[in-house]
Amino acid sequence: MKRIVRIAKQMTIMIVVVGLCLTVAESWAAEKKMPRRAIVAEEGGRSEPIHRVSIQSKIRGAVITTGGEEYFVDRGTIVVGMDGKQVNFRKMLVPCDAEVTYRDADGIRKACRITITRIHNNASWEWSPGGTAE
């Protein structure tokens, strides 16, 4: 009887160790799948600024941050979801946190790339009232 109890205890310890190993392996694999964040975006030797912002809403042609900053969006703007895949601007969920790579031309910020880093709980794909950006 003592032998059976000892074997049962050893089996329990082995199950716990295997479970911990699987947990560590899963977290390591999830880390490897996450897209790496770019510090500076380079295109043809030029570097473009990147702002980490909270996007509060979107209207046709622009996104608006919680601070009231506006980044214009056009067909050339690339939106990347948290899974690293490209997302259609119409289906982009807001509010969200994002890294916005942009060009500044005469005080107008034109978003080149929006990389979503976090989606808020109350996020929706719907447009905000306000029409289009001028």
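Residues numbered from 1 in each chain as written. Predicted model: local features only at pLDDT ≥ 70, side-chain atom pairs only at ≥ 80, totals over all residues. Heavy atoms only, no water.

On to the overall build of the chain. Helices and strands together make up the secondary structure of the chain, namely one helix and nine strands. The N-to-C order of helical and strand elements in the chain reads α-β-β-β-β-β-β-β-β-β. When burial is assessed residue by residue, the chain has 25% of its 134 residues classed as buried. Counting only contacts in the chain whose residues sit at least 6 apart along the sequence, the fraction spanning at least 24 positions is 62%. For the chain, the exposed area adds up to about 9900 Å²; of that, 56% sits on carbon and sulfur atoms. (Helix = DSSP H or I, 4+ residues; strand = E, 2+ residues; numbered from the N terminus. Buried < 20%, exposed > 50% of the residue type's maximum accessible area, 1.4 Å probe, protein only. Contact = heavy atoms within 4.5 Å. Areas by Shrake-Rupley, 256 points an atom, 1.4 Å probe, with all protein chains shown as cover.)

A low pLDDT score tells you not to read the predicted coordinates there in detail. On average, residues of the chain score 81 in pLDDT, and 79% of them are at 70 or above. In the model, residues 34-45 has pLDDT below 50 throughout and makes 16 contacts with residues more than four positions away in sequence or in other chains. (pLDDT = per-residue confidence, 0-100.)

Moving on: the environment of glutamate 126. Looking at where glutamate 126 falls in the secondary structure, it is placed in the segment after β9 (108-124). A C-alpha to C-alpha distance of 9.0 Å links glutamate 126 and isoleucine 59, two positions 67 residues apart in sequence.

As a further point, take the pattern of salt bridges. What the rule picks out here adds up to four salt bridges. One salt bridge connects glutamate 69 with arginine 109, and the closest N-O pair in it is separated by 3.0 Å. Taken as a pair, glutamate 69 in the loop between β4 (62-65) and β5 (70-72) and arginine 109 in strand β9 lie far apart in primary sequence, 40 residues in all. A residue is classified by how much of its surface remains accessible, and arginine 109, at 22% relative accessible area, is partly exposed. Here arginine 118 and aspartate 97 are joined by a salt bridge, their closest N and O atoms 2.9 Å apart. Separated by 21 residues along the polypeptide, arginine 118 in strand β9 and aspartate 97 in strand β8 (residues 94-105) bring together distant segments of the chain. (Salt bridge = Lys/Arg side-chain N within 4 Å of Asp/Glu carboxyl O.)

What follows deals with the nonpolar core. Grouped burial of nonpolar side chains is what soluble globular proteins tend to show. Ranked by size, the top nonpolar core spans 16 residues in total, and within it Ile55, Val63, Tyr71, Met92, Val100 and Ile114 carry the most contacts. Taken together, the elements giving at least two residues each to this core come down to β3 (50-59), β8 and β9. Non-local contacts of tyrosine 71, meaning those with residues more than four positions away in its chain, are made with His51, Val53, Gly61, Ala62, Val63, Thr65, Val100, Tyr102, Arg109 and Ala111. (Core = buried A, V, L, I, M, F, W, Y, C linked by side-chain atoms within 4.5 Å.)

Let us now look at a positive patch on the surface. Taken together, the side chains of Arg60, Arg75, Arg90 and Lys91 make up a positively charged region of the molecular surface. Note on placement: arginine 75 falls in the loop between β5 and β6 (78-80). The class for arginine 75 is exposed, based on a relative accessible area of 88%. (Patch = residues over 30% accessible without salt bridge, like charges linked within 9 Å, V, L, I, M, F, W, Y side chains within 5 Å. Lys, Arg positive; Asp, Glu negative; His and termini not counted. Charge placed at Lys NZ, Arg CZ, Asp CG, Glu CD.)

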